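Observations on chain architecture
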Amino acid sequence: MRTDLHELLRSLRVWDPEVTALPFFDPGTTPDDPLDLFADWFAEAVAAGQTEPHTMSLATADEEGRPDVRIVMLHGADADGWSFATHATSRKGGQLAARPHAALAFYWPALGRQVRVRGPVTAAPSKEGQADLHARSTGALAAALTGRQSEPLTSLDELARTSRDAWERAQREPEAPVTSWTLYRLRPCEVEFFQGDERRQHVRLAYRREPGQDGDGDWTRQLLWP
């Protein structure tokens, strides 16, 4: 029997106070740099037991401006930007080559929080991308060695054979290069912090970078209506 999707949706509750304690957020005490607030919120999400807090939605657009989105892993966040990695030959790699701008979104329901990031994207030097890859797990290297991301797949048997060979090579050659593997950095021009409220009086704080001669303008802060 087919599940009634609408009935199931109506049965769900967001931020049930019996299982979720929404923290108080005072935007008047926030730091000048959004990276500092992000680091604090990320640590609090980890402490709250949020599952996989380092996963995020990555939104890009193709050559015709049509949007695309998927879940990827955050590899780091520092003064150079928020970083993630993929094959340059993948769909998202091709989209970033054509339109080098993207948006990120983190959702931490354990705290009722979201963080949204927008800005231009650049590829790090190949040496940094390879170092990032080889600092990760054997499975991550095996997946990168499998390659062919976003290409049509003939069968699951073909995937199993290719994956098995890649795992064996990754174990045998932990420094095996993957030339298409690329580390990307999104340098934010906007960062928004959203704190949910059970009465729907959500707090939204947007940081925007003022344009500067060297591209490193000061940040301004603005509250937004929920």
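See the structure shown above.
Here's what I pulled together on the structure shown here. (Residues numbered from 1 in each chain as written. Predicted model: local features only at pLDDT ≥ 70, side-chain atom pairs only at ≥ 80, totals over all residues. Heavy atoms only, no water.)

Here we come to the overall build of the chain. Across its full length, the chain holds six helices and ten strands. Along the first, second and third principal axes, the C-alpha atoms of the chain reach 60 × 55 × 40 Å. Evaluated residue by residue, the chain yields a buried proportion of 36% over its 226 residues. Across the chain, contacts joining residues at least 24 apart in sequence account for 64% of those joining residues at least 6 apart. Put simply, the chain shows about 13,900 Å² of open surface, and 52% of that area lies on carbon and sulfur atoms. In the chain, 26 positive and 34 negative side-chain charges are present, and the distance between their average locations comes to 5 Å. (Helix = DSSP H or I, 4+ residues; strand = E, 2+ residues; numbered from the N terminus. Buried < 20%, exposed > 50% of the residue type's maximum accessible area, 1.4 Å probe, protein only. Contact = heavy atoms within 4.5 Å. Areas by Shrake-Rupley, 256 points an atom, 1.4 Å probe, with all protein chains shown as cover. Lys, Arg positive; Asp, Glu negative; His and termini not counted. Charge placed at Lys NZ, Arg CZ, Asp CG, Glu CD.)

The buried count for strand 7 (residues 181–186) comes to six of six residues, which makes it a mostly enclosed element. Across the two faces of strand 7 the burial is the same, with Trp 181, Leu 183 and Arg 185 and Thr 182, Tyr 184 and Leu 186 all buried. By the bridge criterion, three bridges tie strand 6 (residues 113–123) to strand 7 in an arrangement that is antiparallel. What sits directly across from Ala 123, in strand 7, is Tyr 184. (Pairing = 2+ DSSP bridges.)

Another point: the side chain of Gln 50. By the secondary structure assignment, Gln 50 is in the loop between helix 2 (34–47) and strand 1 (55–61). On the accessibility criterion, Gln 50 (14% relative accessible area) is buried. Not counting residues within four places of it along the chain, the set of residues in contact with Gln 50 comprises Ala 45, Trp 108, Pro 109 and Ala 110.

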